[in-house]
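As a plain string of letters, each chain reads:
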Amino acid sequence: MTRTPKHSKKAKKAAHGLPVFYESKYLDLTSHIKQLQAQRHDLKEEAETESAMKKRIAECRKTLEQNNVLEEFDCYIFESIVEKVIVGGMMKKAAKTRPS
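Residues numbered from 1 in each chain as written. Predicted model: local features only at pLDDT ≥ 70, side-chain atom pairs only at ≥ 80, totals over all residues. Heavy atoms only, no water.

Student: Please clarify how the overall build of the protein chain should be interpreted in this entry.
Tutor: In terms of regular secondary structure, the protein chain is built from 3 helices and 0 strands. The helix and strand sequence of the protein chain, counted from the amino end, reads α-α-α. For the protein chain, the proportion of its 100 residues judged to be buried stands at 4%. With an accessible surface of roughly 10,000 Å², the protein chain has 56% of that area assigned to carbon and sulfur atoms. (Helix = DSSP H or I, 4+ residues; strand = E, 2+ residues; numbered from the N terminus. Buried < 20%, exposed > 50% of the residue type's maximum accessible area, 1.4 Å probe, protein only. Areas by Shrake-Rupley, 256 points an atom, 1.4 Å probe, with all protein chains shown as cover.)

Shown next, in the form of structure tokens:
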């Protein structure tokens, strides 16, 4: 009486044509790849934003170092220097720290 080992039988195929016992690993790796691709995309966008900001700061610094008086309002320089403007009120944090 000869026995045939269980692993010698043909493995059942899953949806991707892989043996069933590889399907779980395949799905895990596919999910991980998608997560890494999304993270890579986000990091690329952050790097581009940072690069653009550094360029703006360098141009602003160059303009300010020339000690030239600006004859007219320069929106580009204003936006490079000022982060936030509050009109008609004060920020809560600033109101608490402001001397009476």
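Once the structure has been displayed, the description carries forward.
Student: Just to check I follow, could you spell out the pattern of salt bridges for this structure?
Tutor: Side-chain pairs of opposite charge can arise where the charged atoms are in close proximity. All told, the structure shown has 1 salt bridge when counted by the stated rule. Where Glu50 meets Lys54, a salt bridge forms, and the shortest distance between an N and an O atom there is 3.4 Å. Highlighted residues: Glu50 and Lys54, both in helix 1 (residues 20–65), separated by 4 residues, approximately one helical turn. The class of Glu50 is partly exposed, set by a relative accessible area of 47%. Residue class for Lys54 comes out exposed when judged on its relative accessible area of 54%. (Salt bridge = Lys/Arg side-chain N within 4 Å of Asp/Glu carboxyl O.)

Student: In this structure, what is going on with the confidence of the model for the protein chain? I would like to understand it.
Tutor: Parts of the model with low pLDDT should not have their predicted coordinates read in detail. The pLDDT averaged across the protein chain works out to 76; a share of 69% of its residues lies at or above 70. Taken element by element, the predicted model of the protein chain shows its lowest mean pLDDT in helix 3 (residues 92–97) (60) and its highest in helix 1 (89). (pLDDT = per-residue confidence, 0-100.)

Student: Looking at this structure, I do not really get a negative patch on the surface. What am I missing?
Tutor: The grouping of Asp42, Glu45, Glu46 and Glu48 at the surface amounts to a negative patch. Following the sequence through the fold, Glu45 ends up in helix 1. Note on Glu45: relative accessible area 42%, which makes it partly exposed. (Patch = residues over 30% accessible without salt bridge, like charges linked within 9 Å, V, L, I, M, F, W, Y side chains within 5 Å. Lys, Arg positive; Asp, Glu negative; His and termini not counted. Charge placed at Lys NZ, Arg CZ, Asp CG, Glu CD.)

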